[in-house]
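Overview (structure and organization)
Each chain is listed here by its residues.
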Amino acid sequence: MKFLQASLIVFLSFFVIGCTSNLSPQPTQTETRPTPTAKPTSTSTPSPTATIEPSILESYSHVFAYADGEKIIFLDKETRQIAEITSGTGWVSDFKVSPDNDWIIYSSRNGTNIVLDIKRIGHFKSTSFAIDSQTIIYFDWISSTEFVVLTDKAYYLGSLDGSKKQIGKDINLALSSSSMFNRFSVIKSPTNNNFLLLRNTQQGDTGEQGCNVYFLMHDNGTLQELFKEENSYCGFDESLSWSPDGNFAGINYEVSSGGAGWHSTYILDLNSGELIYANEDDALYPFREISWSPDGAYFSYIKKSFTIVIQTNDLISGEVVLEHRTAAIPLQKLFWSPNGRYLMYGRAPNYMYIFDTPIKESAIVPLYDIPRINDYADYWWSSNSDGIFIINGDFNKLGGVYWYSMDTKQIEKVGDLVKYSPKPYLPNIIVKKSQNTSFSSIFINTYNPQDETRTYNLYLLDEENLKISSAIMLNNPVYPPPFVWVK
């Protein structure tokens, strides 16, 4: 009898436990992928069915991606293909990879409409982000599960399932006439999710131009106009810049109207809304960007076309701490080294100036050991500030990529670039550095007027080992083509 009672007690205990377990609330489908802020409780255990397989890119130390026609192609550092995505709706015009390197959003043109799709890299199924009767201006990730989309009518927060919600009120960046054209440049703050936006407009039938610069605050979707120029065209993609701390906006652009032009430089305090520095000049060869020191204490730019002055200003005191005059020859780019010690600029035909900042001029580096450096050449600091990479060229050919060492003061050739002849139009060169690794990528677009052919080539540069890849030929890219070091 005691045995039967004990057995009954054990049975009832298991029955109660089983019922209690079955009565517990079960997760819904939308809960199987937790948001970044979700924290598991101490009593919960992950279900085997809820395990998400790792990203297809996880095992690679370096990943490069580019778009060519309807395809987005992922390569490792040796240019071996890892993955490929096909849009199916038209040529890919832009793409962004999520911070965890697992998801991608990309835009493509379907007729006259821009389509935005979301896909997990290495998987077949994609999800559309539907926006009717609106023009997509910009999109980017703000976390591994959320992204923002700016259109000419609204600012949205999007999710991986394609859902969206509007942030703030409607905005008005739409064209007032069907004959008008818009060109936008958008850059994201280095410290938060706010944006700077440059808008150039042109009336197709009259040629009338205009430009605006806006500050977009992410939290409330407010679009604030910083300033406006009427009957003018203002600058290029490089005209906008953020200070490293995200507190200041730099605007450096050429204003052209009726054949006349002038050059303006502004520094705006975005916390107070005050203009803390302004300079208007008559530069015929505008310097296209403000270069900030890595610690944000100084900014530098070039003014005056034939009496070129380089200034480095302390944002707090406003004093000029470095002023250098050079000959009446157009300058190219102005760069701070990543460690903040050096300020460099190049001057045609074959000089490069390096300043030991912020007070004294350190060295003038003659580049006689390589062919002429011209306006279409490029150069940039290495990731650890120990030297400079240079793309050299002559008026009818590109020579290659060279390395100048700050330690040895010697120049050596890294590798060749695409050769072309005879005397095509000047090539377009775009260089992009990886954010956290010592790799760069180089895009070169050339045009030969004799047979009206174009070539599009990409190169991957291993800066640490001074090694450049063979050319990656693009067949049907948009221009400029989207390409980026993913990791």
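Preceding block: the structure.
Since the model is a prediction, treat every value here as computed from it, not as a measurement.

Thresholds, definitions, all that
Residues numbered from 1 in each chain as written. Predicted model: local features only at pLDDT ≥ 70, side-chain atom pairs only at ≥ 80, totals over all residues. Heavy atoms only, no water. Phe/Tyr/Trp six-rings, centres within 6.5 Å; stacked < 30°, edge-to-face > 60°. Helix = DSSP H or I, 4+ residues; strand = E, 2+ residues; numbered from the N terminus. Buried < 20%, exposed > 50% of the residue type's maximum accessible area, 1.4 Å probe, protein only. Lys NZ or Arg CZ within 6 Å of the ring centre and 35° of its normal. Pairing = 2+ DSSP bridges. Axes fitted to C-alpha atoms, helices over the stretch in contact; angles between N-to-C directions. Salt bridge = Lys/Arg side-chain N within 4 Å of Asp/Glu carboxyl O. Polar contact = N/O pair within 3.5 Å; in protein donor to acceptor, adjacent residues only side chain to side chain.

Now for the packing of aromatic side chains. Within the structure shown, the criterion is met by 16 aromatic pairs. Arranged with centres 5.7 Å apart and planes meeting at 15°, the rings of Tyr-342 and Trp-381 form a pair that is stacked. Of this pair, Tyr-342 sits in strand β26 (residues 342–347) while Trp-381 sits in strand β29 (residues 378–381), placing them 39 residues apart in sequence. Neither Tyr-342 nor Trp-381 differs from the other in exposure class; each is buried. Relative to Trp-403, the ring of Phe-389 has its centre 4.7 Å away and its plane inclined at 45°; by these criteria the two rings are tilted. Placement of the pair is Phe-389 in strand β30 (residues 387–394) and Trp-403 in strand β31 (residues 397–405), with a sequence separation of 14 residues. An aromatic cluster is defined as three or more aromatic residues linked by ring pairs; in this entry it consists of Phe-64, Tyr-66, Phe-439, Phe-443, Tyr-456, Phe-483 and Trp-485. The aromatic ring of Phe-139 is capped on one face by Lys-96, whose charged end is 5.3 Å from the ring centroid. Its end group placed over the ring of Tyr-156, Lys-164 keeps NZ or CZ at 6.0 Å from the ring centre.

For the rest of this paragraph, the subject is the sheet that holds strand β38 (residues 483–485). Spatially, the four strands line up as an open sheet ordered β3-β2-β1-β38, and their pairing is antiparallel. What marks the edges here is a single partner per strand, and that holds for β3 (81–86) and β38. Averaged over all pairs of adjacent strands, the angle between strand axes in this sheet comes to 15°, irrespective of strand direction. The sheet contact formed by strand β2 (residues 71–76) and β3 spans five bridges and is antiparallel. Within the sheet, the bridge partner assigned to Phe-74 lies in β3 and is Ala-83.

Moving on, we come to the side chain of Ser-382. Turning to its location among the elements, Ser-382 is positioned in the loop between β29 and β30. According to the relative accessible area criterion, Ser-382 is buried, its value standing at 3%.

Looking now at the pattern of salt bridges. For the structure on display, the rule yields six salt bridges. With a shortest N-O distance of 2.5 Å, Lys-413 and Asp-416 are connected by a salt bridge. Residue Lys-413 is classed as partly exposed on the basis of its relative accessible area of 41%. The salt bridge involving Glu-463 is made with Lys-433; its shortest N-O contact spans 2.8 Å. Residue Glu-463 is found in the loop between β35 (453–462) and β36 (467–468), and its partner Lys-433 is found in strand β33 (residues 425–433); the two are separated by 30 residues along the sequence. Overall, the relative accessible area of 30% leaves Lys-433 in the partly exposed class.

All right, on to unusual backbone geometry then. Although it is not a glycine, Ser-385 sits at a positive phi angle of roughly 65°. Summarising the element assignment, Ser-385 is placed in the loop between β29 and β30. Notably, Leu-466 is not glycine yet its phi reads approximately 50°, a positive angle. By the element assignment, Leu-466 lies in the loop between β35 and β36.

Pairing in this open sheet of four strands is antiparallel, and the strands run β8-β9-β10-β11 from one edge to the other. Each of the sheet's edge strands pairs with one partner strand only, and the pair in question is β8 (136–141) and β11 (164–166). This sheet shows a mean twist of 20° between the axes of neighbouring strands, independent of strand direction. In this sheet, strand β10 (residues 155–159) lies alongside strand β9 (residues 146–151) in antiparallel orientation, the contact comprising five bridges. Residue Glu-146 lies in a different strand from β10, and its bridge partner there is Ser-159.

Our focus in this paragraph is the side chain of Ser-143. By the secondary structure assignment, Ser-143 is in the loop between β8 and β9. For Ser-143, a relative accessible area of 18% corresponds to the buried category. Among the polar contacts listed, one links the side chain of Ser-143 to the backbone nitrogen of Glu-146, at a separation of 3.1 Å.

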